[in-house]
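Spelled out, the chains give:
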Amino acid sequence: MAILTALPFSVGDYLADEREKDLLRFSTAGSVDDGKSTLIGRLLYDTQSVYEDQVRSIEGKGTTAPGQIDFALLTDGLRAEREQGITIDVAYRYFSTPRRKFIIADTPGHEQYTRNMATGASTADAAVVLIDASKGVLIQSRRHAYIASLLRVRHVIVAVNKMDLIGYDEAAFRAIELDFTSVLNQIAADTGSPVEVRFVPVSALAGDNIVHRSDAMPWYKGPSLLELLESLPSALETHAAPFRFPVQRVLRPDHTFRGFAGQVASGTVRPGDKITVLPSGRSAEVARIVTFDGDLNEAIAPQSVTLVLDREIDISRGDLIVATQAQATVAKRLQAALVWMDARPLQRNRRYLLKHTSQTVPAFVSSIEHRTNIGTLAHEAAETLEMNGIGVVNIDLLRPIALDLYGENRSTGAFILIDAETNSTVAAGMITAASNPAASTSGPVTAEERAAHWGHRGGVLELTGPVELIDRIERSLFVRGAITARLEVDAEFGISSTIEHLIRSKVLSGMIALIVNLAAGETLTAQADGELIALNASDPVAAIAAVNELLARSGILLSSGNADWEI
Amino acid sequence: MPVAEVLSPPSPPASVTASQRLSHLRLLEAESIHILREVASEFERPVMLYSIGKDSSVMLRLAQKAFYPAPIPFPLLHVDTGFKFAEMISFRDAMARSVGTELLVWRNETAIAAGTNPIALDTKRCCGLLKTQALLDALRHYNFDAAFGGARRDEEKSRAKERIYSFRDSAGQWDPKNQRPELWNLYNARVHPGESIRVFPLSNWTEMDVWQYIHEENIPVVDLYFAKERPMYVRPAGSGQEALLPIEQAFVARLGEQPQMIKSRLRSLGCSPCTGAIRSDADTLPKIIAELLQFRSSERANRAIDHDQEGSMEIKKREGYF
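Definitions and cut-offs
- Residues numbered from 1 in each chain as written.
- Chains lettered and ligands numbered in written order.
- Predicted model: local features only at pLDDT ≥ 70, side-chain atom pairs only at ≥ 80, totals over all residues.
- Heavy atoms only, no water.
- Helix = DSSP H or I, 4+ residues; strand = E, 2+ residues; numbered from the N terminus.
- Contact = heavy atoms within 4.5 Å.
- Areas by Shrake-Rupley, 256 points an atom, 1.4 Å probe, with all protein chains shown as cover.
- Buried < 20%, exposed > 50% of the residue type's maximum accessible area, 1.4 Å probe, protein only.
- Pairing = 2+ DSSP bridges.
- Right-handed = clockwise from strand over helix to strand, strands pointing away.
- Axes fitted to C-alpha atoms, helices over the stretch in contact; angles between N-to-C directions.
- Expected span 1.5 Å × (residues − 1).
- Arc of directions from axis to C-beta.
- Polar contact = N/O pair within 3.5 Å; in protein donor to acceptor, adjacent residues only side chain to side chain.
- Salt bridge = Lys/Arg side-chain N within 4 Å of Asp/Glu carboxyl O.
- pLDDT = per-residue confidence, 0-100.
- Domains from an automatic or database assignment.
- Buried area = accessible area lost by both parts, 1.4 Å probe.
- Parallel < 35°, antiparallel > 145°, perpendicular 65-115°, else oblique.
- Left-handed = near helix turned anticlockwise from the far one by under 90°.
- Phe/Tyr/Trp six-rings, centres within 6.5 Å; stacked < 30°, edge-to-face > 60°.
- Nonpolar A, V, L, I, M, F, W, Y, C, P; charged D, E, K, R; others polar.

**With respect to the overall build of chain B**
A count of helical and extended segments in chain B gives 8 helices and 10 strands. Here the contacts in chain B between residues at least 6 apart in sequence split such that 75% fall between residues at least 24 apart. Working note: accessible area of chain B is about 12100 Å², and carbon and sulfur atoms make up 51% of it.

**Comments concerning the overall build of chain A**
From N to C terminus, chain A includes 14 helices and 26 strands. Taken over 567 residues, chain A has a buried fraction of 55%. Restricting to contacts in chain A with at least 6 residues of sequence separation, those with at least 24 account for 71%. Put simply, chain A shows about 23600 Å² of open surface, and 51% of that area lies on carbon and sulfur atoms.

**Thoughts on the pairing of strand E3 (residues 103–106) of chain B**
All names here are of chain B. Residues of E3 alternate between two faces, with Leu 104 and Trp 106 buried on one and Leu 103 and Val 105 left unburied on the opposite face. Relative to E3, strand E2 (residues 76–79) is paired through 4 bridges, and the arrangement is parallel. In the strand pairing of E3, His 78 is matched with Val 105. What joins E2 to E3 is helix H3 (residues 86–99), and the crossover it makes is right-handed.

**Comments concerning the sheet that holds strand E4 (residues 126–132) of chain A**
The 6 strands lie next to each other as E2-E3-E1-E4-E5-E6 (chain A), forming an open sheet whose pairing is mixed. Since the sheet does not close on itself, it has two edges, and those belong to strand E2 (91–96) and strand E6 (196–201) of chain A, each with one partner. Each strand axis lies, on average, 25° off the axis of its neighbour in the sheet, ignoring direction. Along the sheet, helix H1 (residues 24–42) of chain B makes contact with strand E1 (22–30) and strand E3 (100–108) of chain A, crossing E1(A) at roughly 70°.

**Topic: the side chain of Asn108(B)**
Structurally, Asn108(B) is set in the loop between E3 and helix H4 (109–113). The residues contacting Asn108(B), other than those within four sequence positions of it, are Leu129(B), Leu130(B), Gln133(B) and Ala134(B).

**Quick notes on helix H8 (residues 170–191) of chain A**
Residue and element names in this part refer to chain A. Compared with an ideal rise of 1.5 Å per residue, which puts 22 residues at 32 Å, H8 spans 31 Å between its outermost C-alpha atoms and is within 8% of the ideal. Every buried residue belonging to H8 is among Phe 173, Ile 176, Phe 180, Val 183, Leu 184, Ile 187, Ala 188 and Thr 191, and all of these are buried. Along the axis of H8, the buried residues cluster in a sector spanning 140°; they form a single face. Facing away from the buried side of H8, by more than 90 degrees, are the exposed residues Ala 171, Leu 178, Asn 185 and Ala 189. N-capping of H8 is provided by Asp 169, with a side-chain oxygen placed 3.4 Å from the backbone N of Ala 171. Gly 192, located one to two residues past H8, shows a positive phi value of around 70°.

**Considerations on the pattern of salt bridges**
Enumeration according to the criterion identifies 58 salt bridges over all chains in this entry. Asp122(B) serves as the salt-bridge partner of Arg125(B), at 3.4 Å between the closest nitrogen and oxygen. Across the salt bridge formed by Arg152(B) and Asp154(B), the nearest N and O atoms sit 3.0 Å from each other. Here Arg152(B) falls in the buried class, since its relative accessible area comes to 1%. A network of salt bridges, in which partner residues are shared, links Arg19(A), Asp293(A), Arg26(B), Glu29(B), Arg61(B), Lys65(B), Glu216(B) and Glu217(B).

**A few points about the confidence of the model for chain A**
Residue and element names in this part refer to chain A. Mean pLDDT over chain A works out to 86, with 87% of the residues at or above the 70 mark. Segment residues 1–6 is flagged for pLDDT under 50; beyond a separation of four residues in sequence, or across chains, it makes 0 contacts in the model. Contacts for the low-pLDDT stretch residues 560–567, under 50 throughout, to residues beyond four places or in other chains number 16 contacts.

**Remarks on the domain arrangement of chain B**
All names here are of chain B. You can read the domains of chain B as domain 1 (24–219 + 311–318) and domain 2 (223–304). Taking only C-alpha atoms, the centre of domain 1 and the centre of domain 2 are 24 Å apart. Of the residues lining the interface, 26 residues belong to domain 1; the matching set on domain 2 comes to 26 residues. Contact with domain 2 buries area across many residues of domain 1, yet Phe 83, Phe 85 and Trp 211 alone supply 30% of it, more than any other trio. Linking domain 1 with domain 2 are 1 salt bridge. With a shortest N-O distance of 2.9 Å, Arg 267 and Glu 207 are connected by a salt bridge. Linking domain 1 with domain 2 are 2 residue pairs in polar contact (both at pLDDT 80 or more), by the criterion used here.

**Focus on the sheet that holds strand E10 (residues 278–279) of chain B**
Spatially, the 4 strands line up as an open sheet ordered E8-E7-E9-E10 (chain B), and their pairing is antiparallel. The two strands at the open ends of the sheet, each matched to only one other strand, are strand E8 (242–246) and E10 of chain B.

**Remarks on unusual backbone geometry**
Residue and element names in this part refer to chain A. Geometrically, the link from Leu 278 to Pro 279 is a cis peptide bond, its omega value of 10° lying close to zero. Of note, the bond from Ala 301 into Pro 302 is cis; its omega dihedral lies within 30 degrees of zero at -5°. Tracing the backbone through its elements, the reader meets Pro 302 in the loop between strand E12 (299–300) and strand E13 (304–309). Here the phi dihedral of Tyr 168 falls at roughly 55°; this positive angle occurs in a residue that is not glycine.

**Description of the environment of His453(A)**
Mapped onto the secondary structure, His453(A) falls in helix H11 (residues 447–454). Along the primary structure His453(A) and Leu398(A) are separated by 55 residues, whereas in three dimensions their C-alpha atoms are 8.9 Å apart.

**Quick look at the packing of helix H12 (residues 467–479) of chain A against helix H14 (residues 540–553) of chain A**
All names here are of chain A. The N-to-C vectors of H12 and H14 enclose an angle of 50°; their axes lie 10 Å apart at closest approach. Our classification of the angle between H12 and H14 gives oblique. When you trace H12 past H14, the crossing you get is right-handed. Between H12, through Leu 469, Arg 472, Ile 473, Ser 476 and Leu 477, and H14, the contact on the second element is made entirely by Pro 540, Val 541, Ala 543, Ile 544, Val 547, Asn 548 and Leu 551.

**A short note on the packing of aromatic side chains**
All names here are of chain A. All told, the structure shown has 16 aromatic pairs over all chains when counted by the stated rule. Geometrically, the ring pair formed by Phe 26 and Phe 95 is edge-to-face, given 6.5 Å between the ring centres and 85° between the ring planes. Residue Phe 26 is located in strand E1, and its partner Phe 95 is located in strand E2; the two are separated by 69 residues in the primary sequence. Assigned by exposure class, Phe 26 and Phe 95 land together as buried. Seen in terms of ring centroids, Trp 340 and Tyr 352 are 5.7 Å apart; in terms of plane orientation they differ by 75°. Their pairing is edge-to-face.

**Quick look at the packing of helix H1 (residues 11–20) of chain A against helix H6 (residues 207–217) of chain B**
Two numbers describe how H1(A) lies on H6(B): the axes approach to 12 Å, and their chain directions differ by 105°. Taken together, the axes of H1(A) and H6(B) are roughly perpendicular relative to one another. On the side of H1(A), the interface is formed by Tyr14(A), Leu15(A), Glu18(A) and Arg19(A), while H6(B) contributes Met208(B), Gln212(B), His215(B) and Glu216(B). Of the residues in the contact of H1(A) with H6(B), the class split is 3 nonpolar, 2 polar and 3 charged.

**Points about the domain arrangement of chain A**
Residues and elements named next belong to chain A. What the domain assignment reports for chain A is domain 1 (12–231), domain 2 (238–323), domain 3 (329–439) and domain 4 (449–553). Placing a centre on the C-alpha atoms of domain 3 and another on those of domain 4 gives a separation of 30 Å. Counting residues at the interface gives 5 residues for domain 3 and 4 residues for domain 4. Interface of domain 3 and domain 4: buried area, both sides summed, is about 550 Å²; carbon and sulfur atoms make up 51% of it. Ranking the residues of domain 3 by area buried against domain 4 places Arg 351, Leu 398 and Glu 421 at the top, with a combined share of 45%. At the boundary of domain 3 and domain 4, one finds 0 salt bridges. Counting across the interface, domain 3 meets domain 4 through 1 residue pair in polar contact (both at pLDDT 80 or more).

In structure tokens, the structure reads:
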């Protein structure tokens, strides 16, 4: 047998090879029980991606037999996780092989962490779904596969783990393969997103078929998990999609240069290409593709570049530059799949901010089509979505946005919802349909059309306090274009049924009914949507701002309220 | 200014054609530039924390690229503990001049005047005063609502879980159990008055990526990263290991201790009393990269602050540290 002699290492060759390497992002989901942390720890350890001091810091700790390394401790980074032996949050891990660099989004598998799974899947090209061979297909594996499909992770690798516990039994593996393939088919039918699936039998603890092919399962002729990950095509599909370029920033260092900075979301662009700016619809030609390293003759997704156009047109942050011959949809009403991520459940008609590409638009969930039960894939009627709930909803936007369906473009079809009051990120959204209600020019005027036109919905604002301040509040609403109807109430007799009827009709027609109780003094009370606030009337500017915020909170005022309140 | 020596001049990033894939470095670069532009556009008063190290050097180059041909639209801030190497300070000033960006320097003068040092106090309290407290004071003084940092997720276990936009409450504290979900490339920039976001544009870079990028882009870094004969205190560090402590501050010397000239370099730059050197012959970037491939220790193994207690980086971050 020939003795291998070590080739002299050349750093020049190494760097040349490195320059050719691409990047694959994949997500994992699972818990300590199914050995996910062990699997990742094994991948990192066996690809020499862990340093000795990191191994030393966990040696002798954890739950494995003496002398063995508990790989899970390499990955569970937060104190609470190490103390409780669970994975709470998404962690990102990095390793590389001679062929490719990898980023792992490592996520927990329990139902209460569905949102973390969705987070990990959102940027992944592939998902590694774990199944415990000794237990068969459990709800956790179904959930991860569902999330991967919903977020359109193209490739799914099913790692059937703990094969050592079942004596490396082929029949058991094949049964799981059959069972889970049918689960995946049902999921694909629900999400409308087929996945490419590959199965590999492994033992993370023993290292079988993780990096190297195992002798323990001669009946398995396929590649190891790492070989699979090295051979998957990376996200080249974004090149094939039509050109999309969300404008992040207008660069204008002096009067001779005006460029639009952004990241190519999909497709390619060259000087001379005809482009259209949405939602305005103005067209131009690309004159230059500018970078710090010199002009390019072509830019492809996901490069960050700066475009210069051949003529002056009005473009600002949030606009979408698209190929003129393959334009995006401009719409104010969306249907979308949502993954709810906040402890406070979804509220219809609550004011959310929808962040899509480089713009943020106020939005309301007008109705919920259904909630999906991931266990049964049943569509259930729902009034709300709670944390980790998944469903399909209809959303009205205050301004139109340029978009694609998520199924066609993962970049221009995705959005997040932010609670306008708490600033929390409350949901991840994937656009499934879009329409433009404002386009209807016949029939009776609807409440939505009025709301979109006036910037508010119908509602009641009850004010008690000094007349001067109440006048200023009314005027502040008038100045911003709100339609109000002021009804002064006699303190002694209260609201008569006639007035009540009047109020109801104003609200129904989309106006803001101001019910005014005049009272001298230093205090103003304001009530809307069941919320009562007391304000200091001697600081009218603050009081007016607080009343506007109350109206925004209650979902009556739609536009972001920090504009010109002061009269 | 020390300019990186290059053995084989790397080809400049030529224009790509659709048939070509982007290399991992170009993908990471594109992602970081996207983040820099988002922050500059969505926050009122962003600032870039500039620590003079290799990661800061890369981050600064990415900022130049993100806004070219316009200037970088935010200042740099260096939190100076007074214990940085003299070479770092001169490099910092030269770098800010050549890039043409405003440089702010902040020191906790009260603590420095009181003689705070890691030997008189322990490293934890010293860092707390000279780094964390100084940083929070500076952010508050200038009213910055977003601060870029060069930290990477591969550096340390708690950083692996931190978001690219890391939300901090009005006291600058990180709550690891209550982080905002971060999906696609859609970042939530909303904060209430007093709250802020720490932004890590290099989150997905590894130490190797940083060195390869410095090599490809010919980015200047502090000379202390390159091996040369330097006077060091050599001390035993248990299990046959040794620690090399650079001579920079007189107070670190122990009674009767004599420095030795040792061919050595620093793998990461911190405060001189708390940053150990390594024996090395790597005096060029390719040699540093080759050396990195042989390493069996992580880059922060020589940083005392990461090891003073279990989960110590996470605890520091909860208190407001970067």
